[in-house]
Amino acid sequence: MILGSHNGILRIYTVAYSQENYLRSFQPNDLLLEVDLKHPILQVSTGLLVSANKDIHLAVLQPRKLSIYSITGKV
């Protein structure tokens with residue numbers, strides 16, 4: 001789950017399910033990434049946003065700019 005706030009905080013959480021396949025309540029250790037982008041975040045989206053690249057990217061809309069991010073993780 002990806003959330004952006006009007007305070008400029010971008011947070012990425014892992015989504016976990018209970019044993020009955022219901023979405024369980026978020027726990028503090030579900031937070032994967034927290035970044036302060038300094039300006040309000042109006043909208044967040046993901047998709048194939050970069051030409052000639054098949055990776056999924058993150059788009060963040062702020063009042064005066066649109067930023068495209070590539071996020072990778074380590075196991």
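Scroll up to find the structure this text is about.
Residues numbered from 1 in each chain as written. Predicted model: local features only at pLDDT ≥ 70, side-chain atom pairs only at ≥ 80, totals over all residues. Heavy atoms only, no water.

> An account of the sheet that holds strand β5 (residues 57-62) is requested, with residue identities and associated values reported.
Strand order in the open sheet formed by three strands is β4-β5-β6, and the pairing between neighbours is antiparallel. Each edge of the open sheet is held by one strand with a lone partner, namely β4 (43-47) and β6 (65-69). Between one strand and the next, the sheet's axes are offset by a mean angle of 20°, whatever the strand orientation. As paired elements, β5 and β6 share five bridges and run antiparallel to each other. Looking across to β6, one finds that Val60 is bridged to Ser67. (Pairing = 2+ DSSP bridges. Helix = DSSP H or I, 4+ residues; strand = E, 2+ residues; numbered from the N terminus. Axes fitted to C-alpha atoms, helices over the stretch in contact; angles between N-to-C directions.)

> So what about the sheet that holds strand β1 (residues 2-4)? Which residues, and what values?
Whether parallel or antiparallel, the strands of a sheet pair through hydrogen bonds between backbone atoms. Spatially, β1-β2-β3 is the arrangement adopted by the three strands of the open sheet, whose pairing is antiparallel. The open sheet is flanked by β1 and β3 (31-36), the only strands paired with a single partner. If you compare each strand with its neighbour and ignore which way they point, the axes differ by 10° on average. Bridge count between strand β2 (residues 9-13) and β3: five bridges; the pairing is antiparallel. Paired with Leu10 across the two strands is Val35, which belongs to β3.

> Any details on the pattern of salt bridges? Residues and values, ideally.
Close approach of charged atoms allows side chains of opposite charge to pair. Overall, the coordinates contain two salt bridges when judged by the stated rule. Arg11 is the salt-bridge partner of Glu34, the closest N and O atoms lying 2.6 Å from each other. Of this pair, Glu34 sits in strand β3 while Arg11 is found in strand β2, placing the two residues 23 residues apart along the sequence. You can call Glu34 partly exposed: its relative accessible area is 46%. For Lys38, the salt bridge is made with Asp36, and the minimal N-O distance between the two is 3.8 Å. With a relative accessible area of 63%, Lys38 lands in the exposed category. With a relative accessible area of 42%, Asp36 lands in the partly exposed category. (Salt bridge = Lys/Arg side-chain N within 4 Å of Asp/Glu carboxyl O. Buried < 20%, exposed > 50% of the residue type's maximum accessible area, 1.4 Å probe, protein only.)

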